[in-house]
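Inside the fold
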Amino acid sequence: MRLTLPPGLLAAALLFWGWRTELWPLALPIALILEAAPYVHWRWALGDKELMRVIDLTALLWVGALILLFTRYLNQPPLATHLYTLASWVPLLLFPPLAIQRYSTAGTFRMGHLFYSLRRSGGELAQQRLRLDVAYFVACLLAASVTTQALYLPGAGLLLLWALFARRSRRYRWPLVLTLALIAGLAAWPASLGLHRLQLNLEDTFTEWFQDWFTDFDPYRSSTSLGDIGELKLSDRVALRLKPMPGDRGPWLLRAATYNSYFDRVWLAKGVHFTQLDPQGDGREWLLNPAPEGESRRINITQELRQGTGMLPLPLDAWRLEQLPVGELQRSSLGALKASDGPGLVHYGVEYKTPSPTSGEGWGGGELDLALPRREQATLQRLVSELGLTGQPPAIAAAKIHAFLLGQFRYSLDLPAPAAGLTALETFLLQAKAGHCEYFATAAVLLLRAAGVPARYATGFSVSEYSELEGTYIARRRHAHAWALIWLDGRWQDFDATPPDWTSFEEAQTPWWQQLGDLRDWLSHQFNRWRWREASDDEGDNRWLWGSAGLLTVLLFWRLLRRQRVRRPPAQPAMLAVIHPGAASPFYQVLEQLAVHRGSRPLGETLESWLRRIGVWEMPGMADMANWHQRWRFDPVGLSTQEQQQLAEAVAVYANSLAHPATVRAAPEHSTPTH
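To start, this report covers the structure provided alongside it. Nothing here was measured: the structure is a model prediction, and the numbers come from that model.

1. Notes on the overall build of the chain
- Within the chain, the regular secondary structure consists of 22 helices and 25 strands.
- Every one of the 675 residues in the chain was classed for burial, and the buried ones make up 41%.
- Sequence-distant contacts, at least 24 apart, represent 73% of the contacts inside the chain between residues at least 6 apart.

Spelled out as structure tokens, the structure:
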């Protein structure tokens with residue numbers, strides 16, 4: 001039995017989708033257009049080429065939506081919100097083919113229209129007819145589920161009950177049907193809560209995977225989460241590993257990128273150029289700055305480079321890299337390092353030491369390091385005046401700003417909506433006084449600039465967590481951090497104004513299954529170490545590997561020898577073809593002619609229903625021929641020789657009526673076959 005939608009149900013589903021996604025101005029006209037089709041008497045006469053163009057147009061709409069997602073929203077967290085936005089557009093993207101189906105003479109699509117691989121095929125699968133009504137109804141329900149509004153389950157349940165109630169068997173009275181539906185709805189309530197929790201877990205996993213593969217530190221642009229509403233989702237995946245010298249317990253700020261221009265929640269690196277560095281020694285030693293006097297500190301960092309390219313998070317005062325097997329290393333004019341032409345996993349040593357006040361990156365008084373955004377300029381200058389920073393030495397101004405942010409603000413991942421008439425940064429400074437590291441870093445940089453102190457915005461990792469499993473310090477994706485760089489005492493220095501308890505705040509929200517994720521990350525890391533061992537000089541002793549492979553080969557061969565061996569049976573003669581009852585019915589000729597001129601009968605539709613729908617059931621002799629044909633096929637008794645002759649004569653009369661329509665004669669009168 002083919003499921004069909006009762007009148008009005010599709011419109012109700014569209015309005016339900018529009019209400020939940022706040023797209024009702026689009027849902028209302030779409031519902032009117034689709035539901036008005038039975039009352040409109042004209043139809044478009046569209047052939048296969050036109051129907052295929054409609055499907056092609058729909059495919060282009062999907063491609064355009066995906067391009068919009070990747071180009072506009074890829075680097076704007078939270079990513080899951082934008083994926084849900086795409087899911088909520090599904091009824092819009094599928095509207096053109098459904099509208100064409102309802103307003104065309106075809107009334108259906110073929111599988112060959114939908115799939116390019118079947119368009120040149122003449123097989124049965126390509127000719128199969130499809131109606132999109134039920135699929136569109138399900139798409140509306142799924143698209144309505146992406147929002148967090150309440151009452152989804154009751155609304156979707158009522159719509160499903162409407163669809164099933166209209167197709168119920170008449171043997172069951174409506175009170176029984178409603179009672180069973182109520183019981184099913186109550187049973188579905190706890191299941192829906194479990195599915196919702198599963199959705200949240202899958203969402204975290206997918207977002208984490210997407211960020212791991214498609215996002216990275218951008219040396220030119222950093223889009224922040226300032227002003228985004230809702231809890232910020234962060235990943236527990238391990239991003240890098242750090243092994244310090246004995247006795248060194250950190251924490252470490254590892255800078256990956258630096259930015260100097262802020263506009264509308266986005267930090268940019270303007271006027272930046274990259275300089276290629278030359279390797280030293282064996283080609284894996286890189287000198288970043290002249291060697292400082294005295295003893296340096298050393299750390300070893302292990303990180304993955306996707307496709308052999310990535311930014312290197314390093315301490316601000318790093319001056320030399322060792323055992324870094326990359327083909328090219330470039331340094332930006334703001335100090336960021338970009339490696340390319342390297343393996344998928346690199347393990348390198350970093351030497352760093354606080355330089356003397358006269359060394360380091362020089363600051364030539366660039367305007368960008370003191371520039372303020374126009375929208376927040378008045379607010380920043382007023383705060384600087386209230387804090388008494390005007391005319392203060394840079395060290396004193398920096399200390400007061402640090403105390404102001406740590407003393408009157410708190411760390412939070414619950415991102416508030418900007419207040420009316422204020423930007424997200426102004427809301428943070430004047431009202432909410434709570435936010436994550438991007439708020440604190442942005443506020444620190446701009447307040448320092450307003451006080452006349454050159455400052456920049458830095459992103460990277462804060463490393464302080466020690467992993468007992470791996471025996472080293474690790475930085476997770478959620479340890480990605482933002483802070484300020486301040487020009488003080490003739491050099492750039494780290495200026496972190498985020499409350500120091502932010503790491504413990506996030507650790508308190510880690511799920512119970514994090515240890516399983518850590519084990520997965522460690523196993524993946526061990527595999528990558530083995531995979532890239534030649535590039536990292538970690539070849540090790542592979543004799544155990546070859547020995548294990550040989551032992552497994554011997555065991556497999558021994559098991560095969562012990563298996564029971566049987567003789568292959570002789571080839572059997574080909575089975576005689578099975579002749580189905582009614583295969584010789586001449587009525588098949590009539591059905592073939594009707595399929596050519598009126599369209600094939602869809603799967604699941606009865607013969608009588610199809611003949612009535614295409615308007616030939618009332619033709620003279622058609623009902624008798626159909627009944628004889630069905631009896632010949634399905635009646636265990638079959639047709640007598642006389643009835644078979646009567647069917648052949650009726651088919652001949654029908655064929656003659658088609659050849660000479662002006663002399664149509666009625667079929668010979670025979671008694672209607674009994675059932």
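2. Focus: the pairing of strand E6 (residues 252–259)
- With respect to burial, E6 is a largely interior element, 8 of its 8 residues being buried.
- Here E6 runs beside strand E21 (residues 455–463); their pairing, made up of 7 bridges, is antiparallel. Residue pairing for E21: Thr258 is matched across the bridge by Ala458.

3. As for unusual backbone geometry
- Of note, Lys433 is a non-glycine position whose phi angle comes to about 50°, a positive value.
- Structurally, Lys433 can be placed in the loop between helix H14 (424–432) and strand E20 (434–435).
- Within the chain, Asp489 stands out as a residue other than glycine whose phi angle is a positive 60°.
- Within the secondary structure, Asp489 is located in the loop between strand E24 (480–488) and strand E25 (491–495).

4. Brief notes about the packing of helix H9 (residues 133–144) against helix H10 (residues 152–166)
- Closest axis-to-axis distance for the H9/H10 pair is 11 Å, and the angle between their directions is 170°. Judged by the angle between their axes, H9 and H10 are roughly antiparallel. Packed against H9, whose contacting residues are Phe137, Leu141, Leu142 and Ala144, the element H10 presents Tyr152, Ala156, Leu159 and Leu160 at the interface.
- For the contact of H9 with H10, a count of residues per class yields 8 nonpolar, no polar and no charged.

5. A word on the packing of helix H1 (residues 9–21) against H9
- It is at 8 Å that the axes of H1 and H9 come closest, and there the two elements cross at 20°. Comparing their axes, H9 and H1 come out roughly parallel. In this structure, H1 meets H9 at a crossing whose hand is left-handed. Contacts between H1 and H9 pair Leu9, Leu10, Ala13, Leu14, Phe16, Trp17, Arg20 and Thr21 from the former with Asp133, Tyr136, Phe137, Cys140, Leu141, Ala143 and Ala144 from the latter.

6. A look at the environment of Phe428
- Looking at the secondary structure, you find Phe428 in helix H14.
- Along the sequence, Phe428 and Leu415 sit 13 residues apart, while their C-alpha atoms lie 9.8 Å from each other.

7. Overview of a nonpolar patch on the surface
- On the surface, a cluster of nonpolar side chains totalling about 270 Å² of accessible area is made up of Leu15, Leu28 and Leu32.
- Here Leu32 shows up in helix H2 (residues 24–35).
- By relative accessible area, Leu32 is classed as exposed at 57%.

8. So, the pattern of salt bridges
- One pass over the structure, following the stated rule, counts 22 salt bridges.
- Among the ionic pairs, Asp282 bridges to Arg284, the shortest N-O distance being 3.8 Å.
- Residue classification places Asp282 among the exposed residues on the basis of a relative accessible area of 52%.
- Of the residues examined, Arg284 reaches a relative accessible area of 17% and is grouped as buried.
- Among the ionic contacts, a cluster of salt bridges with common partners joins Glu285, Arg298, Arg320, Glu322 and Glu351.

9. Observations concerning the packing of aromatic side chains
- Evaluated as defined, the whole model comprises 16 aromatic pairs.
- Seen in terms of ring centroids, Trp44 and Tyr103 are 6.4 Å apart; in terms of plane orientation they differ by 55°. Their pairing is tilted. On the criterion of sequence distance, the pair formed by Trp44 in the loop between H2 and helix H3 (48–72) and Tyr103 in the loop between helix H6 (95–102) and strand E1 (109–110) is long-range, its members being 59 residues apart.
- Overall, the relative accessible area of 43% leaves Trp44 in the partly exposed class.
- On the numbers, 5.2 Å between centres and 80° between planes, the contact of Phe404 with Phe409 is edge-to-face.

10. Structural notes on the nonpolar core
- Core analysis: the biggest nonpolar cluster contains 44 residues, and Leu405, Phe428, Leu429, Leu448 and Phe495 have the highest contact counts within it.
- Contributing elements (two or more residues each) for this core: E6, helix H12 (374–386), helix H13 (394–408), H14, helix H15 (437–450), E21 and E24.
- The biggest single contributor to this core is H15, with 10 residues.
- Each residue touching Leu405, except ones within four places of it in the same chain, is listed here: Phe440, Ala443, Ala444 and Ala497.

Procedures and definitions
- Residues numbered from 1 in each chain as written.
- Predicted model: local features only at pLDDT ≥ 70, side-chain atom pairs only at ≥ 80, totals over all residues.
- Heavy atoms only, no water.
- Helix = DSSP H or I, 4+ residues; strand = E, 2+ residues; numbered from the N terminus.
- Buried < 20%, exposed > 50% of the residue type's maximum accessible area, 1.4 Å probe, protein only.
- Contact = heavy atoms within 4.5 Å.
- Pairing = 2+ DSSP bridges.
- Axes fitted to C-alpha atoms, helices over the stretch in contact; angles between N-to-C directions.
- Parallel < 35°, antiparallel > 145°, perpendicular 65-115°, else oblique.
- Nonpolar A, V, L, I, M, F, W, Y, C, P; charged D, E, K, R; others polar.
- Left-handed = near helix turned anticlockwise from the far one by under 90°.
- Patch = residues over 30% accessible without salt bridge, like charges linked within 9 Å, V, L, I, M, F, W, Y side chains within 5 Å.
- Areas by Shrake-Rupley, 256 points an atom, 1.4 Å probe, with all protein chains shown as cover.
- Salt bridge = Lys/Arg side-chain N within 4 Å of Asp/Glu carboxyl O.
- Phe/Tyr/Trp six-rings, centres within 6.5 Å; stacked < 30°, edge-to-face > 60°.
- Core = buried A, V, L, I, M, F, W, Y, C linked by side-chain atoms within 4.5 Å.

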